[in-house]
Amino acid sequence: MKIDLNLLNKRLTPQIRGIVEGLSAISKRLNIKLYLVGGPVRDLLLKRDAIDLDFLIDSSLDKFLESVESDLDVEIEKTSFLTAKFKFSQFVIDIAQARKEIYLNFGDLPQVSPATLEEDAKRRDFTINSLMLEIKDGCFVELIDYLKGVEDLNRKIIRVIGKNSFYDDSTRIIRALRYEKRFNFTLADDTFEQLKSAISKNVFSTLSVQRLGAEFLRTLKEENITPAIMRLWQLTAGGFLTGDIEITPKMCNLLKKWDKLKKCFELDDLWLISLIIIYKDINLSQFNLIAEALELKKLARRIITDLKSLDLEEFLTSISKRLSKVEIYDRLKSIDTHLIAYFYLISRGKAKTNLRTYIDKISKVKITITGEDILAAGIAEGPHVGSMLEKVLRAKIRGELRNRKDEINYLKTVILD
Ligand code: ATP
């Protein structure tokens, strides 16, 4: 199928166009060929927004990166051999030199060396991720498709490149299922056979849990994770990071519910709720393995261990009654907001209403006065400063204070108390 490059050029947002033009000017000056490759090309053809931009050049990186650093005033981080990345506005931009990979043993990290464009296309995971757009004078001038990626895109097919692909790198199994469900594509028949055969030969055991965990985490961070997770679980018979974790119909319903709800929550790590749903009931040694695989930070570990040690029924009962705003605040203030979102998901009736009130209203109540104001009023430093602020906050939660003036007046009564 013929691709209209003019249309693709027009599809670029002004910000991405700016980046393409900036890099293109450098490539022209240095007489180096520049390409947009992989995911962003696929997404451009599918009319989807891309946030990570991957560029490829056909010559040594150093000179190019030096110019990028000075022209675009960015800090470049060399990520691995022949690749580098930098941040520009909200975009993460990867620049790599065309390279090939040789796997000496299944599951080992590959040996990487400079290569032709075609070799670079062939080292990739799927045909739809092997497309390249040559850039000249800030515009796409040619679509390079060594492996019939456009045909597969049009037919909505995920097709692996290379016979041993899943053995070389079993994270590609997780990637295949993620793309399948994200785009609503199907796996090519032979790709599916290779995938099942690799799983049946226990191919996940050839990789470190961290590499698998990092790819799994990317699936957990998708907008709509349930279909990919269910498929992964079904094919791997109970999980792949640690054995025999059953996803019950109840868990599946919760995952789906969270997929729909998560847009309404302002949380740093929306994926944590999905993680809680899947792994809430596992024993500590299994949980430690998951935590290690996903390289969970202290906070995430604490959230899950806190939940495990909590009497959930008792807690939900304690918030299932008619409560004032301050009573709700008292019951929830020391609980992490991710856990509160989880409680909201699993609760009903009055408990759900109270949790919603906390999430939407109470947790957003802030006071303008600070410890400085209290010290300025002649009060000595000490823990009582915190208690005074807390009293003002509680009055504001009760709806007694509207503005800074009210807060200061109230503080005066607190000081006199
Ligand atoms: P996403 O939209 O999920 O971010 P992406 O296609 O941008 O997907 P990345 O993981 O950012 O994927 O990788 C960039 C490109 O590198 C991919 O498009 C693919 O061509 C290649 N790639 C990534 N991981 C692998 C892998 N495990 N094996 C082979 N090629 C890979």
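Note that the coordinates shown come from a computational prediction; the quantities given were computed from them, not determined experimentally.

1. Focus: the domain arrangement of the protein
Note on interface size: it is often stated as the accessible area lost on association of the parts.
Moving on, step 1. Under the domain assignment used here, the protein contains domain 1 (5–155), domain 2 (165–295), domain 3 (312–364) and domain 4 (371–416).
Moving on, step 2. Placing a centre on the C-alpha atoms of domain 3 and another on those of domain 4 gives a separation of 25 Å.
Moving on, step 3. Every contact between the two is made by six residues of domain 3 and, on the other side, five residues of domain 4.
Moving on, step 4. Where domain 3 abuts domain 4, roughly 490 Å² becomes buried across the two surfaces, and 61% of that area is made up of carbon and sulfur atoms.
Moving on, step 5. Among the residues domain 3 hides against domain 4, the three largest losses belong to Lys325, Val326 and Tyr329. Together they make up 78% of the total.
Moving on, step 6. Run the count over domain 3 and domain 4 and you get two salt bridges.
Moving on, step 7. Between Arg394 and Asp330 there is a salt bridge, and its shortest N-O distance comes to 2.8 Å.
Moving on, step 8. The interface formed by domain 3 and domain 4 holds two residue pairs in polar contact (both at pLDDT 80 or more) in total.

2. Details of helix 2 (residues 14–30)
Moving on, step 1. Under the 1.5 Å per step criterion, the end-to-end length of helix 2 is 24 Å for 17 residues, consistent within 8% with the ideal 24 Å.
Moving on, step 2. The first or second residue beyond helix 2 is Asn31, which carries a positive phi of 60 degrees.

3. Focus on the state of the cysteines
Moving on, step 1. Counting across every chain of the model gives zero disulfides.
Moving on, step 2. Note on Cys252: no disulfide assigned, nearest cysteine sulfur contributed by Cys264 at a separation of 20 Å.
Moving on, step 3. By relative accessible area, which is 12% here, Cys252 ends up buried.

4. Some words on the packing of helix 13 (residues 271–279) against helix 18 (residues 337–346)
Moving on, step 1. Orientation of helix 13 relative to helix 18, taken along the N-to-C sense of each, is 60 degrees, at an axis distance of 9 Å. The angle between helix 13 and helix 18 falls in the class oblique. Where helix 13 crosses over helix 18, the two elements pack in a sense that is right-handed. Across the interface between the two elements, Leu272, Ile273, Ile276 and Ile277 of helix 13 pack against His338, Leu339, Ala341, Tyr342 and Leu345 of helix 18.
Moving on, step 2. Of the residues assigned to the contact of helix 13 with helix 18, the class counts are eight nonpolar, one polar and no charged.

5. Some remarks on unusual backbone geometry
Moving on, step 1. The phi angle at Lys47 is positive, at roughly 60 degrees, despite the residue not being glycine.
Moving on, step 2. Along the chain, the position of Lys47 falls in the loop between helix 3 (39–45) and strand 2 (52–57).
Moving on, step 3. The phi dihedral of Asn184 is positive, around 60 degrees, even though this residue is not glycine.
Moving on, step 4. Following the sequence through the fold, Asn184 ends up in the loop between helix 8 (171–183) and strand 11 (186–187).
Moving on, step 5. Under the relative-accessibility criterion, Asn184 is labelled exposed at 63%.

6. Side note on the site of the ligand
Moving on, step 1. Close contacts around the ligand come from 16 residues, with Arg42, Asp169, Arg172, Arg182 and Arg218 the closest.
Moving on, step 2. One of the side-chain N or O atoms of Arg175 is found 3.0 Å from an oxygen atom in the ligand.
Moving on, step 3. Within the contact set of the ligand, an oxygen atom lies 2.6 Å away from a side-chain nitrogen or oxygen of Arg182.
Moving on, step 4. Within the complex, 81% of the 590 Å² of free accessible area of the ligand lies under protein.

7. Here's the deal with the sheet that holds strand 8 (residues 132–136)
Moving on, step 1. Here we have seven strands laid out as an open sheet, ordered 3-4-5-2-1-8-9, and mixed in their pairing. Edge positions in the sheet fall to strand 3 (77–80) and strand 9 (139–144), since each has one partner strand and no second. Sheet twist, expressed as the average angle between the axes of neighbouring strands with direction ignored, equals 30 degrees.
Moving on, step 2. The pairing of strand 2 with strand 5 (residues 91–97) spans six bridges and is parallel. When the sheet's bridge partners are listed, Ile57 is paired in strand 5 with Gln97.

Conventions and cut-offs
- Along each chain, the written sequence defines residue order, and numbers are assigned to residues from 1.
- Since the coordinates come from a predicted model, pLDDT governs what is reported: local features require at least 70, and pairs of side-chain atoms require 80 or more to be given and counted, while whole-chain, interface and lining totals use all residues.
- The basis for every side-chain value is the complete set of non-hydrogen atoms in the structure, without hydrogens or water.
- Throughout, the edges of the domains are those of an automatic or database domain assignment.
- Throughout, a residue-residue contact means that at least one pair of heavy atoms, one from each residue, lies within 4.5 Å.
- Put simply, buried area is the surface a 1.4 Å probe can reach on two separate parts but cannot reach once they are joined, added for both.
- Salt bridge, as applied in this entry: a Lys or Arg side-chain nitrogen positioned within 4 Å of an Asp or Glu carboxyl oxygen.
- Identification of polar contacts relies on pairs of N or O atoms within 3.5 Å, with a donor-acceptor requirement for protein atoms, meaning one able to donate a hydrogen and the other able to accept it, and with residues adjacent in sequence counted only if both atoms are side-chain atoms.
- Each helix corresponds to a stretch of at least 4 residues labelled H or I by DSSP, and each strand to a stretch of at least 2 residues labelled E; elements are numbered beginning at the N terminus.
- Take the number of residues in a helix, subtract one, and multiply by 1.5 Å to get its expected span.
- The disulfide criterion used throughout: a pair of cysteine sulfur atoms within 2.5 Å.
- For each residue, the accessible area found with a 1.4 Å probe, counting protein chains only, is set against the maximum for its type, and the residue is called buried under 20%, exposed over 50%, and partly exposed in between.
- Axis definition: a line fitted to C-alpha atoms, over the contacting stretch in the case of helices. Angles run 0 to 180 degrees between N-to-C directions.
- An angle counts as roughly parallel when it lies under 35 degrees, as roughly antiparallel when it exceeds 145, as roughly perpendicular when it falls between 65 and 115, and as oblique in every other case.
- By the definition used in this description, the sense in which the near helix is turned from the far one sets the handedness, with an anticlockwise turn below a right angle giving left-handed and a clockwise turn giving right-handed.
- All amino acids are sorted into three groups, where Ala, Val, Leu, Ile, Met, Phe, Trp, Tyr, Cys and Pro are nonpolar, Asp, Glu, Lys and Arg are charged, and the leftover types, Gly among them, are polar.
- Whether a residue is near a molecule or strand depends on its heavy atoms: it is near if one of them lies within 4 Å of it.
- Computed with the Shrake-Rupley method and a 1.4 Å probe, the accessible areas treat only the protein chains shown as cover for residues.
- Pairing between strands is defined by DSSP: at least two bridges between the two strands are required.

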